[in-house]
Amino acid sequence: MAATGNAEESQLQEMEEETGMEREMDSDEEEGMGIENSDDEEDDSSEDDKENEAEIQRLEEQLSINAFDYNCHVDLIKLLRQEGELPPLRKARQKMSELFPLTEEIWLDWLKDEIRLTEEEQNREKVYELFEMAVKDYICPEIWLEYAQYSIGGMGLPGGMEKVRYIFERALTAVGLHMTKGATVWEAYREFENVILATVQPPPGSVPTCEQQALLNAQLERIHTLFRRQLAIPLLDMEGTYAEYEEWSDQGVSDTVSQKFKRALQQMEKSKPYEETLMAAEPPKLVEYQTYIDYEQKEGDPARIQIIFERALAENCLVPDMWAKYTKYLDRQLKIKDLVLSSHDRAVRNCPWTMGLWKNYLLALERHGADHQTISDVFEKALNAGFIQATDYVNIWEAYLDYLRRRVDFSKESSRELEELRAAFTRSLDYMKQDVEERFSESGDPSCTIMQVWAKIEALHCKNIQKARELWDSIMTKGNAKFANMWLEYYNLERSYGDALHCRKALHRAVQCTSDYPEHVCEVLLTFERVEGSLEDWDAAVQKTETRLNRVNEQRAKVAEKEAHLVRQEEEKTEQRRRAKADKKNQKKGQKGSRPGEKRKAEDEDNEDEWGEESEQPPKRHRGEGNQGSFRGGGAEEFMETESGLFGRRAPPCRRQEPPGAKRGQQIAPATVRKTQEDNPEQRKDDCSVFISNLAFSMEDPEKRLKELFESCGPVQSVRPVYAAKGFRGYCYVQFEGKTSVPEALKMDRREVDGRPMFVSLCVDKNKNPDFKVFKYNTNLEKHKIFISGLPFSCTKEQLEELCNDQGTIKDIRLVTNRSGKPKGLAYVEFEDEAQASQAVVKLDGTVLQEHTLSVAISNPPRRTEADKPDFSRPMGAMMPRAMVYGSRGKGRTQLSLIPRSLHRQTGSESKAENGTAPKPTGGASGDAGFEAQAKPMSNSDFAKMLLRK
């Protein structure tokens, strides 16, 4: 040991002397260069220093406002490292490591700087502590190798050699199975032991003592053991290690070692295709890693499963699903406390916005017996993590309340744990009301599940039925009194833990208030009275239910009568319009026939108004607009009306705009005007055509213009603009000679033409394809796509691309505009994978762009229901634009209602189902208006007549 320490010290002294000579040479060179430096260069350096100081101050102020700005932390550390100020640099790195796991590059830079600093302070323990922090973030062979090499420098200290071996053994446990990089750690360990072997070997020709021979044999056995252990593990280039062992060993390789080596070699050959696929794949390699993980799980080696999970997470640390799979495996298979809890902690540090990871962390802490304060601290961190949905806060509160309930010993009438549970329930309700509703404009718990659980606990465990009734009264006042299933939940609670009197009261209130399924609660009330009620109770129940159901039937009859009346009115209006058109046509025929010397025009000109703007009859074919192949993630704001095509019908005669050069009043040949609309329908091929819409009505010669636009996509056979009585309708059909031109044409969707975005979509005959949808409205969470709001209207696609470029590979960017091409301040950015999108949310949310604070979230469009579609059977409130009915908090934008009360009263039915089954339309204070008519849209004259009757 002493010889080893002396040899190590002499090597360190030689290295320090060489380093000192190099530093002296460098300083001499710098001084010589400094003589040649001019005053201008010194001024430039001072200006750069001032700029760096100002930038450092700005970054520190930004972090004081938003401590979770990842990029700001990275920029500050880079600047401080350039300045060479190690104490502020150390402080900045410590702050960042408290909030985020650090990358391998940041850790290595930090460790190297601290190693240089501690050489002067002679305090190695600080560096050891830093290494311990580094190896906990990710499984990085380079950091472990650096850790072991640094420990070798302290080998001369007391217990230094044992410490080196301890660190090497931990490194082998952590990364020794890494198929591509694990061999470097094994080789470094053996090299260290070979150096020790050289120090204990006696000089040539001398006879070793018994003590020296024992040390020599022990050291040789260590090296033999390292070779045998490494050859039993499947690693790349195993054959080279085997050949090295054969050359090194005087006794050759034993049969046992050879057999283990062959089995490991076979295992390596099985895994080699997966490793080659990983090396050839582009980041983030999620699919390749998942395939590799599935293979290792089938093999069933826990250590190898763990190392492949760790390798995948090192490259995909922002993918919540990967963390969830890893922690689930550890929870159910390995169940090692330190490994499980450390992995859960790393998961929530990498993906703090994912509620499921926090929930699983709380369960793991309870499962492994963590103290109450630790679990409470983790829960408080979860509340501050910034979840993206209101329901996430409900779920995390439920998980914590479940934990608190399991701590309570209900055999005692009163205990500290029970009071803590009740205080937590009260705090959760206040939190939902104040914090969650303020942020999301909704509580996330419309069915009051937390209050329901609290009521059951009070009734079942605490025998406090009065408190349970108070809670249910509060639940019903939050808009749940109209739902039958809520009343039945309360009834079941009273049935189990209350008395018959309160059961009867609950059912009577249910019959009075329920508006979705009144027949059901009436039946439950009658059944209850059959079992427990007296004759007086039975008579009261029968009278109550009959009165209620009679009222319901009357309301339903009124609704049916009103709907039939509206249908008759609509039929009468249609008949009146038809007669008016027929009279007008006959009048025109009479005027034309009375003109002397004028010949009668063709039959198609007699039908001039047949397909004009006033026509109510739809054309035979219908073309959708909008390119389904374009980027439409979460396009809830893009609901657009679809114009009707004129296929199979004659177009309005001679109403086409005059081509350039035509004199005003000059007659254009009918064949030229209707050339594009009177082609043989049999020659029209939908699969070779596209539908163009949202064009400017004032476009001159649209046929020529669009032919020039789409010639780059392929040979154009025909362009068929659609005209009305007043001119060009703003849409047309472009037919190509082949099908291959259609995909190229679809790529021109939303190209700006005359200041408006041009919509390009497939041609689909609605008569043959009635289920064809123009817009595929996405209602799923798009994890690879982010939604940005609050953009300045002047923001361009290039500016947005520059803002998001640092977060990953961008596949598409779409700025949302209205039909006229004006921006809405919204955008969707599609990344290559989920990890990049998640990282962009964390880093860009709250960013300021041109004095506008951006709001960034994963694209999660709301589910579109039938209530969002225009329908003549819906009330007037539902036919209004969404922004007109609801404001930012769900209230109207204006407190002044311009709708008559008789109609406005019916819009209460538009609330969606809050606890499962969607209720029937409801309204009114008593809940009876749920069966009132849903009025159809009324014309201005209808409104006037109604107001005059008032």
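Some thoughts on the nonpolar core
Then, in step 1: Counting residues in hydrophobic clusters, the biggest one holds 161 residues, and the most contacted among them are I143, I396 and W397.
Then, in step 2: It is helix α19 (residues 390–407) that provides the largest number of residues to this core, a total of ten residues.
Then, in step 3: The residues touching W397, leaving out its near neighbours within four places in the chain, are F379, L383, A424, R427, S428, Y431, M432 and I450.
Then, in step 4: Within the second largest apolar cluster, 22 residues are counted, among which are L695, V734, F736 and V760.

Details of the sheet that holds strand β2 (residues 716–724)
Then, in step 1: What the five strands build is an open sheet, ordered β2-β3-β1-β5-β4; its pairing is antiparallel. Each end of this open sheet is capped by a strand with a single partner; those strands are β2 and β4 (751–753). Geometrically, the sheet is characterised by an average inter-axis angle of 30° between neighbouring strands, direction not taken into account.
Then, in step 2: Strand direction decides the pairing type here: β2 and strand β3 (residues 727–736), joined by seven bridges, are antiparallel. By the bridge assignment for β3, R720 is matched with Y733.
Then, in step 3: The strands touched by helix α29 (residues 702–710) within the sheet are β1 (689–693), β2, β3, β4 and β5 (756–762), with β2 carrying the most contacts at an inclination of about 140°.

Some remarks on the packing of aromatic side chains
Then, in step 1: For the structure on display, the rule yields 32 aromatic pairs.
Then, in step 2: For the pair Y393 and F440, a centre-to-centre distance of 6.1 Å together with 55° between the ring planes defines the contact as tilted. With Y393 in helix α19 and F440 in helix α20 (residues 416–440), this residue pair connects regions lying 47 residues apart in the sequence.
Then, in step 3: On the basis of relative accessibility, which here comes to 4%, the residue Y393 falls in the buried class.
Then, in step 4: For R124, the ring lying beneath its charged end belongs to Y150, and the centroid distance is 4.0 Å.
Then, in step 5: Geometry around Y128 places K163 over its ring, the cationic atom sitting 4.3 Å from the centre.

Quick notes on the packing of helix α16 (residues 337–350) against helix α17 (residues 355–367)
Then, in step 1: One can describe the packing of α16 onto α17 by two numbers: an axis separation of 9 Å at closest approach and a directional angle of 160°. As the angle between them shows, α16 and α17 are arranged roughly antiparallel. For the crossing formed where α16 meets α17, the hand is left-handed. Residues V340, L341, H344, D345, A347 and V348 of α16 pack against L357, W358, N360, Y361, A364 and L365 of α17.
Then, in step 2: Here the contact of α16 with α17 is composed, by residue class, of nine nonpolar, two polar and one charged.

Examining the environment of E132
Then, in step 1: On the secondary structure map, E132 appears in helix α6 (residues 124–137).
Then, in step 2: A relative accessible area of 23% means that E132 is categorised as partly exposed.
Then, in step 3: Along the sequence, E132 and W144 sit twelve residues apart, while their C-alpha atoms lie 9.7 Å from each other.

Remarks on the side chain of N52
Then, in step 1: In this fold, N52 is placed in helix α2 (residues 39–65).
Then, in step 2: Taking relative accessible area as the criterion, N52 reaches 19% and is therefore assigned buried.
Then, in step 3: Side-chain polar atoms of N52 contact the side chain of E83, separated by 2.9 Å.

Observations concerning helix α12 (residues 255–280)
Then, in step 1: Taking 1.5 Å of rise per residue, the 26 residues of α12 would be expected to cover 38 Å, and the 37 Å separating its terminal C-alpha atoms lies within 8% of that figure.
Then, in step 2: Where α12 bends most, the angle comes to about 40°, and this point is S271, followed within four residues by the proline P273.
Then, in step 3: Three or more residues of α12 are buried, namely V257, S258, F261, A264, Q267, M268, S271, E275 and L278.
Then, in step 4: In this structure, the buried side of α12 is in contact with α10 (210–231), α11 (238–248), α13 (286–299) and α14 (302–315).

Quick look at the sheet that holds strand β11 (residues 855–859)
In any sheet, the strands associate via hydrogen bonds between backbone groups, in a parallel or an antiparallel arrangement.
Then, in step 1: With antiparallel pairing, the four strands of this open sheet are ordered in space as β7-β8-β6-β11. Where the open sheet ends on each side, the last strands, each with one partner, are β7 (810–817) and β11. Across the sheet, the mean angle separating the axes of adjacent strands is 20° when strand polarity is ignored.
Then, in step 2: Where β7 and strand β8 (residues 823–831) come together, six bridges link them in antiparallel fashion.

Focus on helix α4 (residues 86–99)
Then, in step 1: For α4, built from 14 residues, the straight-helix expectation of 20 Å at 1.5 Å per residue is met to within 8% by its first-to-last C-alpha distance of 20 Å.
Then, in step 2: Listed as buried for α4 are L89, A92, R93, M96 and S97. In an axial view of α4, the angular spread of the buried residues amounts to 135°, which keeps them on one side of the axis. In this structure, α4 carries P87, K91 and E98 as exposed residues pointing more than 90 degrees from its buried face.

Description of the confidence of the model for the protein
Then, in step 1: For the protein, per-residue confidence averages 79 on the pLDDT scale, and 74% of positions sit at 70 or higher.
Then, in step 2: By mean pLDDT, the top-scoring element of the protein is α17 (97), and the lowest-scoring one is helix α34 (residues 882–885) (36).
Then, in step 3: For residues 1–38, every residue scores under 50 in pLDDT, and the model assigns this stretch ten contacts once sequence neighbours within four places are set aside.
Then, in step 4: Within the model, the stretch residues 597–679 combines pLDDT values under 50 with 193 contacts to residues more than four positions away or in other chains.

Topic: the packing of helix α21 (residues 449–460) against helix α23 (residues 484–497)
Then, in step 1: At a minimum axis distance of 10 Å, the contact between α21 and α23 shows a crossing angle of 10°. In terms of orientation, α21 and α23 fall into the roughly parallel class. When α21 is examined against α23, the residues Q452, A455, K456, A459 and L460 are found in contact with a partner set consisting of M486, E489, L493 and Y497.
Then, in step 2: Of the residues in the contact of α21 with α23, the class split is six nonpolar, one polar and two charged.

Let's talk about unusual backbone geometry
Comment: phi is negative for the bulk of residues other than glycine, and the bulk of peptide bonds are trans.
Then, in step 1: P283 connects to P284 through a cis peptide bond whose omega is 10°.
Then, in step 2: Its identity is not glycine, yet N694 carries a phi of approximately 65°, on the positive side.
Then, in step 3: Here N694 lies in the loop between β1 and α29.

Side note on the pattern of salt bridges
Then, in step 1: This structure, assessed with the given rule, holds 39 salt bridges.
Then, in step 2: A salt bridge links E296 to R304, with the shortest nitrogen-to-oxygen separation between them at 3.5 Å. Each member of the pair, E296 together with R304, is buried.
Then, in step 3: R578 is paired through a salt bridge with E575; the nearest N and O atoms lie 2.6 Å apart. Residue R578 and its partner E575 are located together in helix α26 (residues 535–594), separated by three residues, close to a single helical turn.
Then, in step 4: E575 gets classed as partly exposed once you look at its relative accessible area, which sits at 28%.

Focus: the side chain of N316
Then, in step 1: Along the chain, N316 falls in the loop between α14 and α15 (320–334).
Then, in step 2: For N316, a relative accessible area of 0% translates into the label buried.
Then, in step 3: Excluding its chain neighbours within four sequence positions, the residues that come into contact with N316 are P284, L286 and Y289.

Quick notes on the pairing of β1
Then, in step 1: Extensive coverage of β1 is indicated by the burial of five of its five residues.
Then, in step 2: Burial along β1 is two-sided: the residues S689, F691 and S693 and V690 and I692 are all buried.
Then, in step 3: By the bridge criterion, four bridges tie β1 to β3 in an arrangement that is antiparallel. Its bridge partner being in β3, F691 is matched across the sheet by Y733.

What counts, and at which threshold
Residues numbered from 1 in each chain as written. Predicted model: local features only at pLDDT ≥ 70, side-chain atom pairs only at ≥ 80, totals over all residues. Heavy atoms only, no water. Core = buried A, V, L, I, M, F, W, Y, C linked by side-chain atoms within 4.5 Å. Buried < 20%, exposed > 50% of the residue type's maximum accessible area, 1.4 Å probe, protein only. Helix = DSSP H or I, 4+ residues; strand = E, 2+ residues; numbered from the N terminus. Contact = heavy atoms within 4.5 Å. Pairing = 2+ DSSP bridges. Axes fitted to C-alpha atoms, helices over the stretch in contact; angles between N-to-C directions. Phe/Tyr/Trp six-rings, centres within 6.5 Å; stacked < 30°, edge-to-face > 60°. Lys NZ or Arg CZ within 6 Å of the ring centre and 35° of its normal. Parallel < 35°, antiparallel > 145°, perpendicular 65-115°, else oblique. Left-handed = near helix turned anticlockwise from the far one by under 90°. Nonpolar A, V, L, I, M, F, W, Y, C, P; charged D, E, K, R; others polar. Polar contact = N/O pair within 3.5 Å; in protein donor to acceptor, adjacent residues only side chain to side chain. Expected span 1.5 Å × (residues − 1). Bend = angle between axes of the 7 residues up to and from the residue. Arc of directions from axis to C-beta. pLDDT = per-residue confidence, 0-100. Salt bridge = Lys/Arg side-chain N within 4 Å of Asp/Glu carboxyl O.

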